[in-house]
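Fold and contact review
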Amino acid sequence: MDEFVNIGVKLHQVRLSYGFGRSKSEVLKGVSLNVSTGTIYGLLGPSGCGKTTLLRCVVGRLKPDKGFVKVFNHTPGLPKSNIPGSGVGYMPQEIALIRELTIQETLSYFGRLHHMTVLKVKLRTEFLLDFLNLPRKRTIIKNLSGGQQRRVSFAIALLHEPPLLILDEPTVGVDPVLRFSIWDHLLEICLHGGVTIIITTHYIEEARQANKVGLMRNGKILAENPPNFLMNHYNLGSLEEVFLKLCQEDAVEIDSGISYEDREIANDTELCPRKYSIDSDEKPTLKDYFRPPSLSRISALTIKNFIKMSRTLILLVFQFLNPAIQIILFCLAIGADPKNLRIAIFNEDNSAYHLGADYLSHLNPDLIQQVPVNDTNSGVDLVINGKAWGLIHIWQNFTPALIQRFLSPGNASDDIIEAATIHVRQDTTDQQITYFLQRDIMTAFQSFVEVTLTKFGQNNHSAAPAVEFEDPIYGVMKPSFTEYMAPGLILSIAYFMAVGLTSISFVIDKKEGLLDRSFVSGVTTFEVLCGHIITQLGVMAFQVGIILILALEAFDVDNRGSIAWVLLLALLQGMCGMTYGFFISTICEDETSAIMLALGSFYPCLLLSGTMWPVQAMPKFLQAISQALPLTIAIDAMRWIISRGRNITWMPVLSGFLVTLGWIA
């Protein structure tokens, strides 16, 4: 192994493809390269040639299909390599910064990820601010220029002084003076600190300062050697001319059908041995892939999430005011009786007792606004033109006919019964208004009959229906629609607010490259989840608290059960929504897709869960689908707690908790 002591990074016949089947595309085509410890390796090539993919293999974010990668004689991704982790400083091609944080907060965040002490982070921050000419005032990163943002990205890679630096276009957007200082610093840390650096750059001549360059095209290394060696070998005056010549030769060889393996590449065999051996002492076991979570990294992620949240006004409004607005609007807009419904009244009864007028006086004046008309056609016109919800017609002989019907019910003819009837024609296109009007018209008639029978010395109970509704076993005599919907609404808000909060959490970080950069810094998926869960649990606890206070106290929704079980079930449903949001976030590549998927699942869940209408009213196949949703059984459990006062020892309540936990798991 002595021939490899000086090799910091080596790749041997690395092949990697993206896609499957016919869409499969080979990005790296048998790449082999060597980077000596304490040197700068310049990787040059046009966009799309595979440079970034190669670097992602080196930092352990991609695993080659064939061949192997070694960093300091260890395989990236295994604990001994410390890569991903503090063993590498990574500057990706994207800015990959947390736009809502300041420069100092950003460096502090990455310092925690690398387990640096507060003092060490402070000292390194002071140095990097001076070295990279970054503003010292607490400026939020999104307010910095593009060049300043790239310098902050570079500072993150240098922060923890790693033994390996992977820099993807570090000098783009940097003025020539600062570019010279950056290269001077890189050469210094290589020479005196033994740092190994792999750098990509568009400035080909700039790479002449590297100890070795690799010229890459179409997923292949065309040549790999010190810059002066390549210029002398091809007898050309610049690296750019060398690269152009190699590209032209590569195009000719492709047209001639010469395979990459058969080509003669200009490499210094003394510096770049072509024979490699895989270390037999590093065969990973299952435990090598398990790393215990780091409290330091979880706390860093949690603090970062809270700071981002606190600096996004729209997000703050969405998280803290939206649940309150929803529950207030629900309690104010849903469940109350409608008011001032215009009803045309054509009362032809003009007898001495005026029983027709007596009946009309029993109609609820808050619900019904009576509009007198002179004939039935006028009343019908009001309904047709949308100026009334119905017409009540009382015939001319209503009073004598009703008296005869009361006093001699057995002798009343069909004509007498017809004349003693209240005739109603309605606009029934609105089912709820139709229900309220019919209920009040019938209730008014029942009350009117009881008063009238008493006036004529009759037993008013004789007019009562032959059905008596006694005290309910659960609930009240006059249940409200608000109390029916409240349990479902509480859980639905908790669930879908959590979905909304988490469905784009990973998407934005993935899109901006921040998630990948955090992973390269040693963060695990479990730690990212923990950071989001802790943040969202804090937000959720506040949201659920606001919802319950407004629903149960401000709007007096009667809770007959324990508030502890109500709170716990609501929080668990929030976690269930969070789990679904994370799932959406992992399968979607952009915010639009994530938002559309989250919104697209909102109404089906709401309609099928029994929040707005009984599940028993659905067709059998929809009832079966409904029972498989995360909200349905939980809402039923919440109704058992709030409306019936049951606790977790009751099987329907326990089922709601178990199903919710099952969805979380």
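Residues numbered from 1 in each chain as written. Predicted model: local features only at pLDDT ≥ 70, side-chain atom pairs only at ≥ 80, totals over all residues. Heavy atoms only, no water.

1. Observations regarding the layout of surface pockets
As a reminder, the rule being used: Here a cavity is any set of points on a 1 Å grid over the protein atoms alone where a 1.4 Å probe fits but cannot get out, and a pocket is any open set with protein on both sides within 12 Å along at least 5 of 7 lines; a residue lines the site when it has an atom within 4 Å of a point. Grid points are joined across faces, edges and corners, and a volume is the space filled by probe spheres set on the points. Helix and strand definitions follow DSSP, with helices as H or I runs of at least four residues and strands as E runs of at least two, each counted in order from the N terminus.
Considered as a void within the structure, the second largest pocket measures approximately 1200 Å³ in volume. Every element with two or more residues in the lining of the second largest pocket is listed here: α8 (295-310), α9 (313-333), α15 (481-502), α16 (505-512), α18 (525-554), α20 (591-600) and α21 (602-608). The biggest single contributor to the lining of the second largest pocket is α15, with ten residues.

2. Details of unusual backbone geometry
Quick note on the threshold: Each residue is assigned to one of three classes by its accessible area relative to the maximum for its type, calculated with a 1.4 Å probe on protein chains only: buried under 20%, partly exposed between the two thresholds, exposed over 50%.
In this structure, the amide linkage connecting Ile83 to the following residue, Pro84, adopts the cis form with an omega of -5 degrees. Its place among the elements puts Pro84 in the loop between β4 (66-71) and β5 (88-91). Look at Phe72: it is not a glycine, yet its phi comes out positive at around 50 degrees. Phe72 gets classed as partly exposed once you look at its relative accessible area, which sits at 28%. In this structure, Ala96 is a non-glycine residue whose phi angle is positive, near 50 degrees. Within the fold, Ala96 resides in the loop between β5 and α2 (103-113).

3. Points about the packing of α2 against α8
Put simply, the rule reads: Fitted lines through C-alpha atoms serve as axes, helices being fitted only where they are in contact, and the angles separating the N-to-C directions of these axes extend from 0 to 180 degrees. Relative orientations are named as follows: roughly parallel for angles under 35 degrees, roughly antiparallel for angles over 145 degrees, roughly perpendicular for angles from 65 to 115 degrees, and oblique for any other angle. Handedness of a helix crossing follows the sense of rotation of the near helix relative to the far helix, less than a right angle counterclockwise being left-handed and clockwise being right-handed. Residue contacts are counted whenever heavy atoms from the two residues lie within 4.5 Å of one another. Residue polarity is assigned by list, with Asp, Glu, Lys and Arg as charged and Ala, Val, Leu, Ile, Met, Phe, Trp, Tyr, Cys and Pro as nonpolar; anything else, Gly included, falls into the polar class.
Orientation of α2 relative to α8, taken along the N-to-C sense of each, is 155 degrees, at an axis distance of 8 Å. In terms of orientation, α2 lies roughly antiparallel with respect to α8. At the point where α2 passes α8, the crossing takes the left-handed sense. Across the interface between the two elements, Glu105, Tyr109, Arg112 and Leu113 of α2 pack against Ser296, Arg297, Ala300, Leu301, Ile303, Lys304 and Ile307 of α8. Residues of the contact of α2 with α8, tallied by class, amount to six nonpolar, one polar and four charged.

4. Quick look at the confidence of the model for the protein
Detailed reading of the predicted coordinates is not advisable wherever pLDDT falls low. As a reminder of what qualifies: The predictor reports its confidence for every residue as pLDDT, a score running from 0 up to 100.
When pLDDT is averaged across the protein, the result is 86; 93% of the residues are at 70 or more. Low pLDDT, under 50, characterises residues 1-5; the stretch is placed with ten contacts to residues that sit more than four places away or in other chains. Taken together, the stretch residues 268-281 has pLDDT below 50 and engages in 31 contacts with residues farther than four places along the chain or on a different chain.

5. Let's talk about empty space enclosed by the protein
Tallying each qualifying case throughout the model produces two cavities of 30 Å³ or more. Computed from the structure, the largest cavity encloses a volume of approximately 60 Å³. Lining the largest cavity are Val88, Gly89, Tyr90, Phe110, His114, Ile156, Ala157, His160, Arg517, Val520 and Ser521. Among the elements of the structure, β5, α4 (146-159) and α17 (514-520) are those that each provide at least two residues to the lining of the largest cavity. Looking at the lining of the largest cavity, the element that brings in the most residues is β5, giving three residues. For the lining of the largest cavity, the per-class residue count stands at six nonpolar, four polar and one charged. Reported here for the second largest cavity is a volume of approximately 40 Å³.

6. Considering the UniProt feature "transmembrane region" (unreviewed entry) in the protein
For clarity, the threshold we go by: UniProt positions are given in the numbering used here, feature names are shortened, and annotations may be inferred rather than shown by experiment.
When the UniProt feature table is mapped onto this chain, "transmembrane region" (unreviewed entry) is found at residues 313-336, 484-508, 529-551, 563-583, 595-615 and 648-664. The span residues 484-508 carries 92% helix and 0% strand; its end-to-end C-alpha distance comes to 39 Å. Taken as a whole, residues 595-615 contains 62% helix and 0% strand, while its terminal C-alpha atoms sit 27 Å from one another.

7. Details of the packing of aromatic side chains
The geometry of an aromatic ring pair is captured by two quantities: the separation of the ring centres and the angle between the planes. Which entries qualify depends on this criterion: Between the rings of Phe, Tyr and Trp (Trp by its six-membered ring), a pair exists once the centres lie within 6.5 Å; its type follows the angle of the planes, with under 30 degrees stacked, over 60 edge-to-face, and the other angles tilted. Any Lys NZ or Arg CZ found within 6 Å of a ring centre and within 35 degrees of that ring's normal is scored as a charge over the ring.
Taken as a whole and judged by the stated rule, the model has 14 aromatic pairs. Measuring from centroid to centroid gives 5.3 Å for Tyr435 and Phe436, while their planes differ by 65 degrees, and the two rings are edge-to-face. For Phe436, a relative accessible area of 10% puts it in the buried group. Centroid distance Phe602 to Tyr603: 5.0 Å. Interplanar angle 80 degrees. Geometry classified as edge-to-face. By relative accessible area, Phe602 is classed as partly exposed at 26%. Put simply, the rings of Tyr495, Phe496, Phe602 and Tyr603 touch in pairs and so form one group of aromatic residues. It is Arg644 that lies over the ring of Tyr474; its NZ or CZ is 5.7 Å from the centre. Cation over ring: Arg646 sits above Trp650, and NZ or CZ is 3.7 Å from the ring centre.

8. Examining the environment of Cys576
Within the element layout of this structure, Cys576 appears in helix α19 (residues 563-587). Among the residues examined, Cys576 registers a relative accessible area of 3% and is labelled buried. A sequence separation of 87 residues divides Cys576 from Trp663, and the C-alpha atoms of the two residues are 6.1 Å apart. Beyond its immediate stretch of four places on either side in the chain, Cys576 contacts Tyr495, Pro630, Thr660, Trp663 and Ile664.

9. Some details on the environment of Ile533
Along the chain, Ile533 turns up in helix α18. Excluding anything up to four places from it in sequence, Ile533 contacts Met578 and Phe582.

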